[in-house]
Amino acid sequence: YRFRARPIEDGSGQKCGAVLSFEDHSRVEESENIRRDFVANISHELRTPLTGLTGFIETLRTTARDDPAARDRFLEIMEAEARRMGRLVSDLMSLSRVEADERVRPRDLVDVCAVLRSVVATLEGKLAEADVSVETAGIDKSHQVLGDRDQLIQLFLNLIENAIKYGSAGRVIHLSVVAVARDHTLRCPAVRIDVRDEGPGIDPLHLPRLTERFYRIDDHRSREMGGTGLGLAIVKHIVNRHRGRLKINSKQGVGTTFSVIIPAG
Ligand code: ADP
């Protein structure tokens, strides 16, 4: 808070009172802190793979120069690091785009079921690789919302990819769509999409912070799975742009359900 006092003078220049003001600067400072943390996080996330790359280049120039096996191994690691940086940059671009768009309500009528069918088709290879199957309910129908098709695709790609990454292998992901006559929070008819996994679940302690940028529960596992820590932040902004809401229900040892509820079109 900032406190100010200003005297009030009457017509003859005589002091006859004072204006006292308290200004609340906490929100301005908070958003400035968030911005500073974000920049620090990005720098850290980019510097780690860069340091690795620089080190490997040096090794390739010197000790590994005449060792083809070591050279191949190092090149493979370098490629993985470069890909990680590429993913980070493309997620950062998505995030800034959805943040910038957030105030503009999408105007196209989009069939959420068609979006989900195309997302599942896109992920076929990843699902098979992870030995995960998808059980669906209601996605063969048609449910329209006012939406941005590309962003809705990205939203569900992120949620289903997370269910693949963090739900254990050999399990099932349940994907369902239902029409809601009236959502009590949104106060309008809506479409509700549930993405449920049978993974280890999430400690309730983490739930309120899960959609923050770079928030990860298990940092090592997220990086190992190729995560950038931005997926759920992007999801939250896309849901906000669609004037919807995101609900996360999780039970440890049972699984997690991400529910996206969007006003019906
Ligand atoms: P990441 O790129 O690390 O996956 P996200 O923003 O998508 O970042 O997710 C943030 C964190 O939330 C993840 O690091 C993970 O710890 C946790 N998480 C996300 N989805 C799930 C899930 N379905 N089951 C368990 N944990 C999850």
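Note: the structure precedes this text.
Worth saying up front: this structure is predicted, and the values here are computed from it rather than measured.

Undergrad: Would you take a moment to explain the layout of surface pockets for this structure?
TA: In this approach, a probe sized like a water molecule rolls over the atoms, and the result shows the empty space that is left. Within this model, the largest pocket holds a volume of roughly 1,200 Å³. The wall of the largest pocket is formed by 45 residues, among which Glu 161, Asn 162, Lys 165, Tyr 166 and Gly 227 lie closest to the centre. When residues of the lining of the largest pocket are traced back to their parent elements, those giving at least two are helix 2 (68–101), helix 4 (124–130), helix 5 (149–166), strand 7 (188–197), helix 6 (219–224), helix 7 (231–241) and strand 9 (255–263). Looking at which element gives the most residues to the lining of the largest pocket, the answer is helix 5, with 10 residues. Looking at the lining of the largest pocket residue by residue, the class counts come to 17 nonpolar, 15 polar and 13 charged. In this model, the second largest pocket occupies a volume close to 450 Å³. Within the residue set of the lining of the second largest pocket, elements represented by two or more residues are helix 1 (26–61) and helix 7. Per element, the largest residue contribution to the lining of the second largest pocket is five residues, and it comes from helix 1.

Undergrad: What is the right way to read the site of the ligand from this model?
TA: Tyr 166, Asp 197, Ser 222, Thr 228 and Gly 229 are the nearest of the 19 residues found near the ligand. Notes on the ligand: free accessible area 530 Å², of which the protein chains cover 96%. Using a 2 Å cut-off from the grid points, one finds that the ligand occupies the largest pocket. Within the residue set of the shell around the ligand, elements represented by two or more residues are helix 5, helix 7 and strand 9. At three residues, the largest contribution of residues to the shell around the ligand is made by helix 5.

Undergrad: Help me out: how do you make sense of the packing of helix 1 against helix 2 in this one?
TA: Packed helix pairs are characterised by how far apart their axes lie and by the angle those axes make with each other. Packing of helix 1 against helix 2 brings their axes to within 10 Å, and their N-to-C directions diverge by 160°. Looking at the two axes, helix 1 sits roughly antiparallel to helix 2. Crossing geometry of helix 1 relative to helix 2 is assigned as left-handed. Side by side, helix 1 and helix 2 meet where Phe 38, Ile 42, Glu 45, Leu 46, Pro 49, Leu 50, Leu 53, Phe 56, Ile 57, Thr 59 and Leu 60 of the first sit next to Arg 71, Phe 74, Leu 75, Ile 77, Met 78, Glu 81, Arg 84, Met 85, Leu 88, Leu 92 and Leu 95 of the second. Looking at side-chain class alone, the contact of helix 1 with helix 2 contains 17 nonpolar, one polar and four charged residues.

Undergrad: Any chance you could explain the packing of aromatic side chains here in plain terms?
TA: Aromatic ring pairs are defined here through the distance separating the ring centres and the angle between the ring planes. In this structure the tally under the stated criterion is three aromatic pairs. Look at Phe 3 and Phe 22: their rings are 5.1 Å apart centre to centre, the planes differ by 40°, and that puts the pair in the tilted class. Here Phe 22 lies in strand 2 (residues 15–23) and Phe 3 lies in strand 1 (residues 2–9), a separation of 19 residues in the sequence. Each ring, one from Phe 38 and one from Phe 214, has its centre 5.9 Å from the other, and the planes form 40°; the classification is tilted. Taken as a pair, Phe 38 in helix 1 and Phe 214 in the loop between strand 7 and helix 6 lie far apart in primary sequence, 176 residues in all. Classification of Phe 38 as buried rests on a relative accessible area of 16%. Stacked on the ring of Phe 38, the Lys or Arg Arg 213 has its end atom at 4.0 Å from the ring centre.

Cut-offs used in this document
- Every chain begins its residue count from 1, and numbering advances along the sequence as written.
- This being a predicted model, a pLDDT of at least 70 is required before a residue's local features are given, and a value of 80 or more before pairs of side-chain atoms are given or counted; all residues contribute to the totals for chains, interfaces and linings.
- To obtain the side-chain values, all non-hydrogen atoms of the structure were used and water was disregarded.
- Think of a 1 Å grid over just the protein atoms. A cavity is a set of points where a 1.4 Å probe fits yet cannot get out, a pocket is an open set with protein on both sides within 12 Å along at least five of seven lines, and lining residues have an atom within 4 Å of a point.
- Grid points are joined across faces, edges and corners, and a volume is the space filled by probe spheres set on the points.
- For the purposes of this entry, the term helix denotes a DSSP run of H or I that reaches at least four residues, the term strand denotes a run of E that reaches at least two, and both are numbered from the N terminus.
- By the convention adopted, Pro, Cys, Tyr, Trp, Phe, Met, Ile, Leu, Val and Ala count as nonpolar, Lys, Arg, Asp and Glu as charged, and the other residues, Gly among them, as polar.
- Consider each residue's heavy atoms; a residue with any of them within 4 Å of a molecule or strand counts as near.
- For the accessible areas, the method is Shrake-Rupley and the probe is 1.4 Å, while residue cover comes only from the protein chains on display.
- A pocket or cavity is taken to hold a molecule when more than half of that molecule's atoms are within 2 Å of the pocket's grid points.
- Here, axes are lines fitted to C-alpha atoms. For helices the fit covers the stretch in contact, and angles between N-to-C directions go from 0 to 180 degrees.
- Each angle is binned into one of four classes, with values under 35 degrees roughly parallel, values over 145 roughly antiparallel, values of 65 to 115 roughly perpendicular, and all other values oblique.
- Should the near helix be turned anticlockwise from the far one by less than a right angle, the crossing is left-handed, and should it be turned clockwise, the crossing is right-handed.
- By definition, residues are in contact when any of their heavy atoms lie within 4.5 Å.
- The aromatic pairing rule takes the rings of Phe, Tyr and Trp, using the six-membered ring of Trp, and pairs them if the centres are within 6.5 Å, calling planes under 30 degrees apart stacked, those over 60 edge-to-face and the rest tilted.
- Relative accessibility under 20% of the residue-type maximum defines a buried residue, over 50% an exposed one, and the middle range a partly exposed one, all with a 1.4 Å probe and only protein chains included.
- The criterion is that NZ of a Lys, or CZ of an Arg, lies within 6 Å of the ring centre and within 35 degrees of the ring normal, and then a charge sits over that ring.

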